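Spelled out, the chains give:
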Amino acid sequence: MPLALLALAVGAFGIGTTEFVMMGLLPDVADDLHVSIPTAGHLVSAYALGVVIGAPLLAAVTARMSRRKVLIGLMLLFIAGNTLSAFAPDYDWLLAARFLSGLPHGAFFGVGAVVATGLAAPERKARAVSLMFLGLTIANIAGVPVATLMGQHLGWRSTFLGVSVIGVLAVVSLALLVPRDSAHASSAGLRGEMAALRSLPVWLALGTTVAGFGALFAAYSYITPMLTDAAGYADSSVTLLLALFGVGATAGNLLGGRLADRSMRGTLFGGLVSLAIVLALFPVLMGTAWSAPLAVVLLGTAAFVTSSPLLLMVMEKASSAPSLASSANQAAFNLANAGGAWIGGLALAAGFGVTSPAVVGAGLAVLGLGVAGVAYVVDRRRAVPGRERVVASHVPELSESVHH
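Residues numbered from 1 in each chain as written. Predicted model: local features only at pLDDT ≥ 70, side-chain atom pairs only at ≥ 80, totals over all residues. Heavy atoms only, no water.

*Asks:* Quick one: what's the story with a nonpolar patch on the surface, residue by residue and with numbers?
*Replies:* A grouping of Leu3, Leu6, Val168, Val172, Leu176 and Leu177 is seen on the molecular surface, where their side chains present a nonpolar patch of about 570 Å² in accessible area. For the nonpolar patch, the element with the most residues is helix H7 (residues 156–177), which contributes four residues. Note that Val168 resides in helix H7. (Patch = residues over 30% accessible without salt bridge, like charges linked within 9 Å, V, L, I, M, F, W, Y side chains within 5 Å. Areas by Shrake-Rupley, 256 points an atom, 1.4 Å probe, with all protein chains shown as cover. Salt bridge = Lys/Arg side-chain N within 4 Å of Asp/Glu carboxyl O. Helix = DSSP H or I, 4+ residues; strand = E, 2+ residues; numbered from the N terminus.)

*Asks:* Give a description of helix H9 (residues 200–220) that names residues and reports values.
*Replies:* Here H9 contains 21 residues, and its C-alpha end-to-end distance of 30 Å stays within 8% of the 30 Å for a straight helix at 1.5 Å per residue. Along H9, the sharpest change in direction is near 25 degrees and occurs at Gly214. Buried residues dominate H9, accounting for 17 of its 21 residues. (Expected span 1.5 Å × (residues − 1). Bend = angle between axes of the 7 residues up to and from the residue. Buried < 20%, exposed > 50% of the residue type's maximum accessible area, 1.4 Å probe, protein only.)

*Asks:* I'd like a description of the packing of aromatic side chains, backed by residues and values.
*Replies:* With the rule as written, the count across this model stands at nine aromatic pairs. Ring centres 6.1 Å apart and planes at 80 degrees place the aromatic pair Trp156 and Phe160 in the edge-to-face group. Of the two residues, Trp156 and Phe160 both sit in helix H7, four residues apart, roughly one turn of that helix. Neither residue differs from the other here; Trp156 and Phe160 are each classed as buried. Note on Phe217 and Phe333: the rings are 5.4 Å apart at their centroids and 85 degrees apart in plane angle, and the pair reads as edge-to-face. Placement of Phe217 in helix H9 and of Phe333 in helix H15 (residues 322–349) is noted, with a sequence separation of 116 residues between them. In this pair, the class of Phe217 matches that of Phe333, namely buried. Members of the aromatic cluster, joined through ring pairs, are Phe213, Phe217, Tyr220, Phe245, Phe304 and Phe333. (Phe/Tyr/Trp six-rings, centres within 6.5 Å; stacked < 30°, edge-to-face > 60°.)

*Asks:* For the pattern of salt bridges, give the residues involved together with the corresponding values.
*Replies:* Taken as a whole and judged by the stated rule, the model has three salt bridges. Two residues, Asp32 and Arg157, come together in a salt bridge whose shortest N-O distance is 3.7 Å. Of this pair, Asp32 sits in helix H1 (residues 4–33) while Arg157 is found in helix H7, placing the two residues 125 residues apart along the sequence. Overall, the relative accessible area of 37% leaves Asp32 in the partly exposed class. Arg265 is paired through a salt bridge with Asp379; the nearest N and O atoms lie 2.5 Å apart. Here Arg265 is found in helix H12 (residues 264–285), whereas its partner Asp379 is found in helix H16 (residues 356–381), with 114 residues between them in sequence.

*Asks:* Got a sec to walk through the packing of H9 against helix H13 (residues 292–304)? Specific residues and values, please.
*Replies:* Running from N to C, H9 and H13 cross one another at 160 degrees; their axes reach a closest spacing of 10 Å. The pairing of H9 with H13 is recorded here as roughly antiparallel in orientation. In the packing of H9 onto H13, the handedness of the crossing is left-handed. The segment H9 lies against H13, with Phe213, Leu216 and Tyr220 engaging Leu299, Ala303 and Phe304. (Axes fitted to C-alpha atoms, helices over the stretch in contact; angles between N-to-C directions. Parallel < 35°, antiparallel > 145°, perpendicular 65-115°, else oblique. Left-handed = near helix turned anticlockwise from the far one by under 90°. Contact = heavy atoms within 4.5 Å.)

*Asks:* Explain empty space enclosed by the protein residue by residue, including any values.
*Replies:* One pass over the structure, following the stated rule, counts five cavities of 30 Å³ or more. Considering only enclosed or pocket space, the largest cavity measures out at about 140 Å³ in volume. In this structure, the largest cavity is lined by 14 residues; those nearest its centre are Phe133, Phe213, Ser307, Gln330 and Phe333. Elements that contribute at least two residues to the lining of the largest cavity include exactly helix H6 (125–154), H9, helix H14 (307–317) and H15. For the lining of the largest cavity, the class distribution of residues is seven nonpolar, six polar and one charged. (1 Å grid on protein atoms, 1.4 Å probe; cavity = no way out; pocket = protein on both sides within 12 Å on 5 of 7 lines; lining within 4 Å. Points joined across faces, edges and corners; volume = space filled by probe spheres on them. Nonpolar A, V, L, I, M, F, W, Y, C, P; charged D, E, K, R; others polar.)

*Asks:* Residue-level account of the nonpolar core, with values.
*Replies:* Across soluble globular proteins, nonpolar side chains have a tendency to be buried as a group. Formed by 99 residues in total, the largest nonpolar core has its most connected members in Leu8, Leu174, Leu216, Phe282 and Met286. Ignoring any residue separated from it by four or fewer positions in sequence, one finds Met286 in contact with Ile223, Met226, Leu227, Ala230, Ala231, Ala292, Ala295, Val296 and Thr355. With 16 residues, the next largest nonpolar core counts Leu25, Val29, Ala86 and Ala147 among its residues. (Core = buried A, V, L, I, M, F, W, Y, C linked by side-chain atoms within 4.5 Å.)

*Asks:* Would you mind going over the environment of Leu285 in detail, with residue names and values included?
*Replies:* Structurally, Leu285 is set in helix H12. Take Leu285: its relative accessible area is 17%, and that puts it in the buried class. Contacts of Leu285, omitting those with residues within four sequence positions, involve Ser291, Ala292 and Ala295.

*Asks:* Could you give an account of unusual backbone geometry, with specific residues and numbers?
*Replies:* Of note in this structure, His34 is not a glycine but carries a positive phi near 60 degrees. Examined against the element boundaries, His34 turns out to sit in the loop between H1 and helix H2 (37–40). A relative accessible area of 73% places His34 in the exposed class.

Structural data, given as structure tokens:
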């Protein structure tokens, strides 16, 4: 695999760290800025809103530009957002800075996925995407815990300065390792890019992402009370246990990339079935201290097996606008985050027990499997021989730049 994938992974590591670290810093931020913790929680929502808005918008408006320049520009925007977060004088400024930080998130992964598939051999496209996402999953193992400890001991502002430094390293890596490529654009411009998203198969693929990862976040959003109230762990042990989720996500991401190169749809179906089974077993697995860590690892593994095939499927279905489609998939991922947490919270509020969000998540995984099945039927009716293995094949200039 080319070294350029390392540059993409460094950027993904920084993005993953800044996305998830705010959860651990909420009490410190709330205390320093004199707001309540629920109010500080809006900082998480502001970032997610930035992702949802910025992902398709930035991918569409930069469609005519060199992808290398786009990636560097997105990381510069990422650095600006995190630097402004570090120096925000009050809550409102920090809220705006967090929104700004979220804007480049989805577009970076979307454009990065197209670059990654263009750099890899045809039979290694899914593995190339999984290596880019390796930075995101490793952020959950190392980046978020370290950044949280830094914020707790040196002040929360130091965390965002540290993340900005990671962004600078990503810019340098991208400039040095990603090959120069020709600007690519649809002749129809922005309108043509948006038209690529009018296809039913594209929306079915995005719907699978929302349901599948909604299943994950329905449970993961409430994993802390499950570990403390059901499994009996102390609050001080939760950070280490959550790092196990990152271990499982990393393993699932790498496994999914390897399997998807052999059978993209088979890997997707298998991952969703596994996720439904793991979530259905959560009430039992969370009942004892020895099986709860296993449940956390299995949850990360089963969920992230589906990440590469889902992204590649969306790109395939919108082959005339792969950057926009894969960026839209990141927006769908964040909608899954918000929607899954909300649905899981309804189960808790209804008094069904601390592990009930996982059972709801199992239902969402089954729903995702059903949407994927409908997509399969639609594809069979529109069958074009050999299309499933062709991803972003309309970007010859990037592959040629690598060979030369």
